[in-house]
Amino acid sequence: MTPHADPQTGAAVKAADRAHVFHSWSAQGLIDPLAVAGAEGSYFWDYDGNRYLDFTSGLVYTNIGYQHPKVVAAIQEQAGKLATFAPAFAVEARSEAARLIAERTPGELDKIFFTNGGAEAVENAIRMARLHTGRPKVLSAYRSYHGGTATAVNITGDPRRWASDNGTAGVVHFWAPFLYRSPFYSSTEAEECARALTHLEDTIAFEGPQTIAAIILETIPGTAGIMTPPPGYLAGVREICDRYGIVFVLDEVMAGFGRTGAWFAADHFDVVPDLITFAKGVNSGYVPLGGVAISAEIAATFDKRPYPGGLTYSGHPLACAAAVATIQVMADEKVVENAAAVGETVLGPGLRELAERHPSVGEVRGLGVFWALELVRDRETREPLVPYNASGEANAAMAAFGAACKKNGLWPFINMNRTHAVPACNVSEAEAKEGLAALDAALSVADEWVA
């Protein structure tokens, strides 16, 4: 579809938004949302006819791009057949979506509890773990994001937690491995892995293993920085959980469904958790859907004991039909394989080449179509380009970088001192190279802020 200018409609859309829409995570009087006229594939455009290559995949969820015709058709067909139905019934779209998801989860996580999104998936996974173990506490990592609802935001390890932090939530945070900014003064991945596992065991010992229901980790943290765990770390956490009877939960809301070049990021590490939370890429975000994939042991806890949780729209037929179509598209069009290939042959090498030429790039890290550039003022000291959780004038360097990206037709994913390269999993080689060229130009602006 070719963008065309329609400023009058754009102005009306913008006016209604500013008058009535209350936006998330925002100071309402300080934002200026772009009015979007349409989207297709890896691109979207505004009412002034400006087109952008989306290197954010929405909020890292349009894994098959915008408006895929087969998924749109599946939603339309389901709406004509059965637009909605209560979750207590067996419905074809719901059953088939659960079957297809269970086929792709690692190990034998064969029971699927559907939610409307990732935060609700985390809420229910933690509830399941607490009921299964009879224990109250949950351990989660700093530099993490698990959702905005009550339990999920308390489990979260970034500043979005602070305003809603509840000391009675039974959440304890610990440091996960991150060699570039190691809290353990490590110099190698092996050291970082060993020291992070020792730190986790010490935390468990001082909190009391018998009080801990679950350890939850993003398999590869997303918004917090795309820090791929060192070899052996997740296997070490699995062993610790087994030793103490703790439920191991992997949050794959962002990393799942092809994002890392595998159906689930856990596949890269040969680790099977007790619970997996998912959402986003399961149906490319076309209709809200999330869920929990559950091990046989935990599912058996609720064979004769009712599970005390549910949602009016759990397994909504339109959302499940979109999931069935999305998974089929991903299989038929080899979308997972494409994500792996683009990451290995285009994005990874291209981003590392940019790092060689731009002094503002401190580190490049990622897998598949899930990459982060750590931007710094000084490569030697690793001082971030902007301070932690910066805003306003303190964030000027990243704001200038973001404006340069948009000027060059790239919509960037920016969080703190990082930009993430997270295009659709079916992004073409040419589109990925177009994004790299735009990043190249924008990084020249970031370089101006280097000390």
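Before reading on, note that the structure itself is shown above.
Quick notes on the rules
Residues numbered from 1 in each chain as written. Predicted model: local features only at pLDDT ≥ 70, side-chain atom pairs only at ≥ 80, totals over all residues. Heavy atoms only, no water. Helix = DSSP H or I, 4+ residues; strand = E, 2+ residues; numbered from the N terminus. Rg over C-alpha atoms; globule rule 2.2 N^0.38 Å. Buried < 20%, exposed > 50% of the residue type's maximum accessible area, 1.4 Å probe, protein only. Contact = heavy atoms within 4.5 Å. Salt bridge = Lys/Arg side-chain N within 4 Å of Asp/Glu carboxyl O. Expected span 1.5 Å × (residues − 1). Pairing = 2+ DSSP bridges. Axes fitted to C-alpha atoms, helices over the stretch in contact; angles between N-to-C directions. Parallel < 35°, antiparallel > 145°, perpendicular 65-115°, else oblique. Left-handed = near helix turned anticlockwise from the far one by under 90°. Nonpolar A, V, L, I, M, F, W, Y, C, P; charged D, E, K, R; others polar.

Q: Any chance you could explain the overall build of the chain here in plain terms?
A: Each helix and strand counted, the chain has 13 helices and 16 strands in total. A globule of 451 residues ought to have a C-alpha radius of gyration of about 22 Å, and the chain, at 22 Å, matches this closely. Projected onto its principal axes, the C-alpha coordinates of the chain cover approximately 60 × 60 × 45 Å. Residues counted as buried form 55% of the 451 residues belonging to the chain. Looking at the chain alone, contacts between residues at least 24 apart form 71% of all its contacts between residues at least 6 apart.

Q: Explain the pattern of salt bridges here, please?
A: Side chains that carry opposite charge are capable of pairing whenever their charged atoms lie near each other. Applying the stated rule across the entire model yields 20 salt bridges. Two residues, Asp-440 and Arg-357, come together in a salt bridge whose shortest N-O distance is 2.9 Å. With Asp-440 in helix α13 (residues 429-447) and Arg-357 in helix α11 (residues 335-357), this pair connects stretches of sequence that are 83 residues apart. Overall, Arg-357 belongs to the partly exposed group, its relative accessible area being 42%. Glu-374 is the salt-bridge partner of Arg-365, the closest N and O atoms lying 2.6 Å from each other. Of the residues examined, Glu-374 reaches a relative accessible area of 2% and is grouped as buried. Within this structure, Glu-96, Arg-99, Glu-103 and Arg-104 form a network of salt bridges that share partners.

Q: What exactly am I supposed to notice about helix α8 (residues 233-244) here?
A: Helical geometry: 3.6 residues make up each α-helical turn, so side chains three or four residues apart lie on a common side. With twelve residues, α8 extends 17 Å between its outermost C-alpha atoms, agreeing within 8% with the 16 Å of an ideal straight helix rising 1.5 Å per residue. All of the buried residues in α8 are Tyr-233, Leu-234, Gly-236, Val-237, Arg-238, Ile-240 and Cys-241. Packing partners of the buried residues in α8 comprise β6 (171-174), α7 (189-207), β7 (212-218) and β8 (247-251). Gly-245 sits one or two positions beyond α8 and adopts a positive phi of about 70°.

Q: Even after reading the chapter, I still don't get the sheet that holds strand β2 (residues 43-46), so can you show me in this structure?
A: Working definition: the strands of a sheet are paired by backbone hydrogen bonds and lie parallel or antiparallel to each other. Pairing is mixed across the open sheet formed by four strands, whose spatial order is β1-β2-β3-β14. The two strands at the open ends of the sheet, each matched to only one other strand, are β1 (36-40) and β14 (410-411). In this sheet, β14 lies alongside strand β3 (residues 51-54) in parallel orientation, the contact comprising two bridges. Following the sheet pairing, Leu-53 is matched in β14 by Leu-410.

Q: Quick question: what am I supposed to make of helix α12 (residues 396-407) here?
A: Along its twelve residues, α12 runs 16 Å from first to last C-alpha, staying within 8% of the 16 Å computed at 1.5 Å per residue. For α12, the set of buried residues is Ala-396, Ala-397, Met-398, Phe-401, Gly-402, Ala-404 and Cys-405. Those residues of α12 that are buried are in contact with β12 (370-378), β14, β15 (413-415), β16 (418-421) and α13. Directly beyond the C-terminal end of α12, a positive phi value near 80° is found at Gly-409.

Q: Teacher, can you tell me more about the sheet that holds strand β4 (residues 111-115) here?
A: The strand order across the open sheet formed by seven strands is β4-β10-β9-β8-β7-β5-β6, and the pairing between neighbours is mixed. Here the strands that pair on one side only, and so sit at the sheet edges, are β4 and β6. Along the sheet, successive strands turn relative to each other by an average axial angle of 20°, direction set aside. With four bridges joining them, strand β5 (residues 137-141) and β6 adopt parallel strand pairing. Paired with Val-138 across the two strands is Val-171, which belongs to β6. Seen against the sheet, helix α4 (residues 92-104) touches β4 and β9 (275-278) and runs at an angle of roughly 120° to β4.

Q: Just checking my understanding: could you explain the packing of α7 against α8 for this structure?
A: Any two packed helices are characterised by how steeply their axes cross, that is the angle between the axes, and by the distance between the axes. Direction vectors running N to C along α7 and α8 enclose 25°, while the axes themselves pass 10 Å from each other. Relative to α8, α7 is oriented roughly parallel. Note that α7 runs across α8; the crossing there is right-handed. In this structure, α7 contributes Cys-193, Ala-196, Leu-197, Leu-200, Glu-201 and Ile-204 to the contact, and α8 contributes Tyr-233, Gly-236, Val-237, Ile-240, Arg-243 and Tyr-244. Here the contact of α7 with α8 is built from residues that sort into nine nonpolar, one polar and two charged.

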